[in-house]
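The lines below spell out each chain.
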Amino acid sequence: MTTPPEDETRTGQSRTRLVIDTDAGVDDAVALLYALARPEVDVLAVTCVVGNVEVERAARTVRALLDLAGAKDTPVAIGTAQPLRGARALNRWYGDHGTGYAKLPDSTGPIDPHGVEIIVRLARNYPGELNLLALGPLTNVAAAVLVEPELPRLLRSAVVMGGAYTVPGNEGARSEFNIDVDPEAARIVLRAWENADGATPLTLVGLDVTQQASLSTSDVAALLRAAGVEYSDDDAATLSGEVAHPLCQFLIDGLRHACESAERTGGEYAAVLHDALAAVALVEPQVISTRATTVDVEIAGTLTRGETVADWFGTWGRRPNAEVALGCDVDQFRHQLTTSLAKLLSTASR
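All values derive from a computational prediction rather than experimental measurement.

Cut-offs applied
Residues numbered from 1 in each chain as written. Predicted model: local features only at pLDDT ≥ 70, side-chain atom pairs only at ≥ 80, totals over all residues. Heavy atoms only, no water. Axes fitted to C-alpha atoms, helices over the stretch in contact; angles between N-to-C directions. Helix = DSSP H or I, 4+ residues; strand = E, 2+ residues; numbered from the N terminus. Parallel < 35°, antiparallel > 145°, perpendicular 65-115°, else oblique. Left-handed = near helix turned anticlockwise from the far one by under 90°. Contact = heavy atoms within 4.5 Å. Nonpolar A, V, L, I, M, F, W, Y, C, P; charged D, E, K, R; others polar. Salt bridge = Lys/Arg side-chain N within 4 Å of Asp/Glu carboxyl O. Buried < 20%, exposed > 50% of the residue type's maximum accessible area, 1.4 Å probe, protein only. Pairing = 2+ DSSP bridges.

Q: Got a minute to help me understand the packing of helix 1 (residues 26-37) against helix 12 (residues 274-283) in this structure?
A: Each pair of packed helices can be summarised by the angle the axes make with each other and by the distance between the axes. The interhelical angle for the contact between helix 1 and helix 12, taken along N-to-C directions, is 25°, at an axis separation of 6 Å. Classed by the angle they form, the pair helix 1 and helix 12 counts as roughly parallel. Where helix 1 crosses over helix 12, the two elements pack in a sense that is right-handed. Contacts from Asp27, Asp28, Val30, Ala31 and Tyr34 of helix 1 reach helix 12 at His274, Asp275, Ala276, Ala279, Val280 and Val283. Looking at the contact of helix 1 with helix 12 residue by residue, the class counts come to seven nonpolar, one polar and three charged.

Q: Looking at this model, I keep getting lost on unusual backbone geometry. Mind explaining?
A: With glycine set apart, most residues show a phi of negative sign, and most peptide bonds adopt trans. Of note in this structure, Ala24 is not a glycine but carries a positive phi near 60°. Mapping Ala24 onto the fold places it in the loop between strand 2 (14-22) and helix 1.

Q: What is the right way to look at the pattern of salt bridges in this model?
A: Pairing is possible between side chains that carry opposite charge, provided their charged atoms lie close to one another. Per the counting criterion, the structure on display carries 18 salt bridges. Between Arg38 and Glu284 there is a salt bridge whose closest N-O contact spans 2.7 Å. With Arg38 in the loop between helix 1 and strand 3 (41-48) and Glu284 in the loop between helix 12 and strand 10 (288-293), this residue pair connects regions lying 246 residues apart in the sequence. We note that Arg38, like Glu284, is buried. Across the salt bridge formed by Glu184 and Arg85, the nearest N and O atoms sit 3.9 Å from each other. Residue Glu184 is found in helix 7 (residues 183-194), and its partner Arg85 is found in the loop between strand 4 (76-78) and helix 3 (115-125); the two are separated by 99 residues along the sequence. Residue Arg85 is classed as exposed on the basis of its relative accessible area of 60%. If you follow the salt bridges from partner to partner, you end up with Arg187, Arg191, Glu194, Asp296 and Arg318 in one network.

Q: What am I meant to see in the environment of Ala158 here?
A: Note that Ala158 resides in strand 6 (residues 157-161). Measuring from C-alpha to C-alpha, the distance between Ala158 and Gly317 comes to 23 Å, with 159 residues separating the pair along the chain. With sequence-adjacent residues up to four places away left out, Ala158 is seen in contact with Leu132, Trp193, Pro201, Leu202 and Thr203.

Q: Got a minute to help me understand the pairing of strand 5 (residues 130-134) in this structure?
A: On a regular strand, one side chain projects to one face of the sheet and the next to the other, so that they alternate. Burial runs high along strand 5: five of the five residues are buried. By the alternation rule, side chains of strand 5 split into Leu130, Leu132 and Ala134 and Asn131 and Leu133, which are all buried. Pairing of strand 5 with strand 6, which is carried by four bridges, proceeds in the parallel orientation. Opposite Leu132, over in strand 6, you have Ala158 as the bridge partner.

Q: Explanation requested: the packing of helix 4 (residues 139-147) against helix 7 in the structure shown.
A: Packing of helix 4 against helix 7 brings their axes to within 8 Å, and their N-to-C directions diverge by 50°. Judged on the interaxial angle alone, helix 7 and helix 4 are oblique. Note that helix 4 runs across helix 7; the crossing there is left-handed. Residues Thr139, Val141, Ala142, Val145 and Leu146 of helix 4 form the contact with helix 7, whose own contacting residues are Ala185, Ile188, Val189, Ala192 and Trp193. Here the residues of the contact of helix 4 with helix 7 sort into nine nonpolar, one polar and no charged.

Shape descriptors only; they carry no functional weight alone.
Right, dumping it as structure tokens:
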């Protein structure tokens, strides 16, 4: 298990300096709101990568969400526009805009075109202090490593939502979506950490645990009520209805889409929040249990391209580069997520 990534500011308060790299799906949005809700977290920038939607759309979604959440001063930047191997079709799991049924007001806020450079600059400016939360394909992170090979040692911690280590995939038979979009980038990142003496291993939060990280409709209704938002039992059953709180309405509509998607693929009517678990695990590491190992990515297999392969028994004789999440305290995850979000929602613009 890793320890909470904290550093000291000039005021002496414990702080977590964070850069978030995202492809702006519904679960990414929940993860971002959670990070904003935590008083000890400083979100220094949000960089965007192609994945759920085009990178430009992801950046506009993030910019509008930050504005709505009262974080207009948080920089947003566009990173890589396509995987290293070239463009591929988007699956648009969360719809054309990545936000399900949720709509956001247009934002005219600034978007920086240099996402990869921002990751590198922040790591150099805060050596040993910056934490990275990677919620989408690893194309931006790989590009940053190629610009700054010292990145693994410069970062205090890096938490990646990606991979499937003891369970089937959700994109290919053995591949998880974020890794499957750009396996070459994932391999670059994993090998960079493997070859970096003294670097804190990557924390890999994959489908083994994220598929347990769900919120039921009753969880969402309780969250809204804790935020002081009136929400009827009839509406809560299917996350329908309207409220006079724009950020809460965004969550209701986005999470309804996530619930329907889970049910359509054979699961319960509940919102599976893969990226939110990674965010909570960065701030509250005790919500997951991990095992150290060496992880690599298959890039050539006809049936297994994008598979994250963990060398559990050390047969490769290579340096461990990762702490792989294999267990999750689901109740603690839900508690940490919902109590934090309730505080943010209660103070956000109504």
